[in-house]
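# Structural overview
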Amino acid sequence: MSTNQKFSRQVRNGKVVYVPTAPHTPTQSARSQSPRLLLKLRSSLNLLLLAGITTTVVGLAWLSYQVITDPDVAFWLNQYLPTTKGKQTAAHQPRTLQQILKRLQDQKQSPGKPIVLAADSNANSPLTATKDILIPTYNKSCAQRPCQQLQSLQVYRSLKLPSLLRLFQGKRYYRLLDRMTVHGPTEEQLVSLARNPRLVTGSTRPLNLSRVEVYNPAPKPGAWLRLTGLRSEGSATATYGQVLYFHPDEARLILMLNWASPSGESPQWRQVTGDQRPELVVKQTVGLEPQYAVYWLHPAPTGDLQVEHISLAKPAFADPGYTQSLLLARSGLWSPAQKRLLTVKKQQSRRWSPKAQAQLDYINLHAAIAKSQAQQISASRVQTIVARLVNGEWSAALKFFQSPQTDPVEVRALLAADPGRLFARVEAFLKVNPKNQDAIAWGTLMRHVQDDPKTALVWAQQRTGKNKAAFETIKKLVKRLDQPRYTPKETPAKPKPQPDVPKVKPPVQPSPTVVPPKAKPSGAQLSSPVPSPVAPKPAPVPEQTAQPEPLPPPELAPVPPEEAPRE
């Protein structure tokens, strides 16, 4: 008997009996398990069907909610629904970029090249990110450079669809966000910004703007735009424009400031104050006088960003030294103002504020440029003197003036051509340092040339007071300023010609004339064909031997500056 045989226990007639069981075949087990598999499959299908129905209902409910609350989703859904052919799109409906450009042209406008302002930084893919674009429009009668005239700026934003629907969008559609009509600054604003009254023509209309550019890099968030125009009246030129700001959340363009630059340079973002955000710097330098307008950003009470000009009109806190340093800075004496304000910072460290630091950084910017110009080696000594005077280096400027290589006539012409900016520096410096002899000397020289020599000496005597040595030194400087033109190469000096003994060429000695002997009268001689000799004339005196009239000495006929002899 096999040991692997199995028995089943049964009760028959009150007795327990073990009956051997018959083995099951694979077909019988499969037949017994198939109904169970069918039951499991049916239950799974029912669950999947129920989940699909639930998902569809929830999705349709979500889509319906999006259609009701989001017009972009409603517009996107309408693209897949049947519509009547030939139906025109409403003016406020989104359009593709090609449709927008064509519509502007149909409205007799000249659209420019679209400019990307900002993109959705939260999107993982650039295909699904929303974009803000700017389309400038120009005057169609003058749309070609250099007479381009901006008329308006239009901002469009692509449809802001949910992330799930962005995967199914085809063409990118844009909706109009904001439209700004461009009006440039007026002439009065341009004159005050560029500090040049020659740009005035009497017109009251806003100036034209011809170009729009995006700042990159620039402070975030949002985009910063620069509008630019050019003004020219005779020899006076200036570049002017406006700075606009676009915030993605506010979805509108904001005019931040008008600007002008006599040097023709556009405003740039630079780190001036050491703040986290850079500052907007406009170069307004004229000649050797450094002048920059600096604007810094800070949040307004409403939470928006605003641009504020760093002004030197008022000190951050009351202090005599602080007030004097700002007086020097407003007069263009940046290096003396920097030294005095640094001293105030050490003395008033507890009262030092961010506004005071901003004013100090503003002065440091100008002082660094003024020092660089003063230290540059120039071929013209007059230019070196100007750079020293602009920076308030009175002693160094006097050393260059007293140098034998410096022509006093050129210095006199420089002081005569000054419109008053150098003398304003002298007056401002003397208000802070009234006993500075070098500044008094330069003020005397300026008044001597521009006003009356006697008045200049009286002014110098009042300033020097009882210091007779300083007054005598100033008189010597005035005397040197009145010297005639000096040519450094004419050393040693040539001897003066004597008027009674002029320099002439030696007379040419005439060749001796041979006189034939006196012939005796005879008939043969009278009939000779040889002509009779003519009586000799006295030899002519050469022209070189003529005595010229004496010339006046050079001292009696000085050469004017513009007719000076050149070597």
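We now turn to the structure provided with this report.

Definitions and cut-offs
- Residues numbered from 1 in each chain as written.
- Predicted model: local features only at pLDDT ≥ 70, side-chain atom pairs only at ≥ 80, totals over all residues.
- Heavy atoms only, no water.
- Helix = DSSP H or I, 4+ residues; strand = E, 2+ residues; numbered from the N terminus.
- Buried < 20%, exposed > 50% of the residue type's maximum accessible area, 1.4 Å probe, protein only.
- Contact = heavy atoms within 4.5 Å.
- Polar contact = N/O pair within 3.5 Å; in protein donor to acceptor, adjacent residues only side chain to side chain.
- Phe/Tyr/Trp six-rings, centres within 6.5 Å; stacked < 30°, edge-to-face > 60°.
- Lys NZ or Arg CZ within 6 Å of the ring centre and 35° of its normal.
- Pairing = 2+ DSSP bridges.
- Axes fitted to C-alpha atoms, helices over the stretch in contact; angles between N-to-C directions.
- Salt bridge = Lys/Arg side-chain N within 4 Å of Asp/Glu carboxyl O.
- Parallel < 35°, antiparallel > 145°, perpendicular 65-115°, else oblique.
- Left-handed = near helix turned anticlockwise from the far one by under 90°.

## Structural notes on the environment of glutamine 450
As for its position among the elements, glutamine 450 is in helix H13 (residues 437–450). Among the residues examined, glutamine 450 registers a relative accessible area of 34% and is labelled partly exposed. In this structure the C-alpha to C-alpha distance between glutamine 450 and arginine 412, which are 38 residues apart in sequence, comes to 9.5 Å. Discounting chain neighbours no more than four positions away, the residues touching glutamine 450 are Leu415, Ala416 and Asp418. Polar contacts involving the side chain of glutamine 450 include one to the main-chain carbonyl oxygen of leucine 415, which spans 2.7 Å.

## A look at the packing of aromatic side chains
The final tally for this structure, using the stated rule, is 10 aromatic pairs. Look at phenylalanine 317 and tyrosine 322: their rings are 5.0 Å apart centre to centre, the planes differ by 85 degrees, and that puts the pair in the edge-to-face class. In terms of burial, phenylalanine 317 and tyrosine 322 fall into one category: buried. Through a chain of ring-to-ring contacts, three or more aromatic side chains come together here, namely Tyr215, Trp224, Tyr245 and Trp269. The positively charged end of arginine 226 is found above the aromatic ring belonging to tyrosine 215, 4.6 Å away from the centroid. Sitting over the ring of phenylalanine 401, arginine 480 keeps its end group 5.4 Å from the ring centre.

## Digging into the sheet that holds strand S13 (residues 279–283)
If you walk across this open sheet you meet the 4 strands as S12-S13-S14-S15, and the pairing is antiparallel. Taken across any chain shown, the strands that pair with only one partner, and hence form the sheet edges, are strand S12 (268–270) and strand S15 (305–309). Each neighbouring strand pair of the sheet contributes to a mean axis angle of 35 degrees, computed without reference to strand direction. Across 3 bridges, the pairing between S12 and S13 is antiparallel. The residue of S13 that forms the bridge with arginine 270 is glutamate 279.

## Structural notes on the sheet that holds strand S10 (residues 236–247)
Taken together, the 4 strands give an open sheet; going across it, the order is S8-S9-S10-S11, and neighbouring strands pair in antiparallel fashion. With one partner strand each, in any of the chains shown, strand S8 (211–214) and strand S11 (252–261) form the two edges of the open sheet. Mean inter-strand twist for the sheet, computed between neighbouring axes without regard to direction, equals 25 degrees. Both strand S9 (residues 223–233) and S10 contribute to a ladder of 11 bridges, which runs antiparallel.

## Structural notes on the pattern of salt bridges
Evaluation of the coordinates by the stated rule reveals 10 salt bridges. Across the pair lysine 102 and aspartate 106 runs a salt bridge, and its minimum N-O distance is 3.3 Å. In this pair, lysine 102 and aspartate 106 are both assigned in helix H3 (residues 97–106), 4 residues apart and thus about one turn of the helix distant. Here lysine 102 and aspartate 106 have matching classes, each one exposed. In the salt-bridge network here, residues are joined through shared partners; they are Glu289, Arg421 and Arg425.

## Description of unusual backbone geometry
Following asparagine 216, the chain continues to proline 217 via a peptide bond in cis, the omega torsion being 5 degrees. For proline 217, the position within the fold is in the loop between S8 and S9. That bond from lysine 220 to proline 221 is cis: its omega, 0 degrees, falls within 30 degrees of zero. Backbone geometry places alanine 251, a non-glycine residue, at a positive phi of 60 degrees. Along the polypeptide, alanine 251 turns up in the loop between S10 and S11. Owing to a relative accessible area of 16%, alanine 251 belongs among the buried residues under this scheme.

## Quick notes on the side chain of glutamine 338
Position of glutamine 338 among the secondary structure elements: in helix H7 (residues 334–347). Within polar-contact distance, the side chain of glutamine 338 engages the side chain of lysine 371 at 3.2 Å. Setting aside anything within four residues of it in sequence, one finds glutamine 338 in contact with Ile363, Asn364, Ala367 and Lys371.

## Description of the pairing of strand S14 (residues 292–299)
Burial analysis of S14 places 7 of its 8 residues in the buried class, the great majority of the element. With 4 bridges connecting them, S13 and S14 associate as antiparallel partners. Note that in S14 the partner of valine 281 across the bridge is valine 294. With 5 bridges joining them, S14 and S15 adopt antiparallel strand pairing. The partner of histidine 298 across the bridge, within S15, is glutamine 306.

## A short note on the packing of helix H10 (residues 394–402) against helix H15 (residues 468–481)
Packing of H10 against H15 brings their axes to within 11 Å, and their N-to-C directions diverge by 50 degrees. Classified by the interaxial angle, the pair formed by H10 and H15 is oblique. Between H10 and H15 the crossing geometry is left-handed. Touching Leu398, Phe401 and Gln402 of H10 are Leu477, Arg480 and Leu481, all from H15.

Interpretation note: all reported values are geometric properties and have no functional meaning in isolation.
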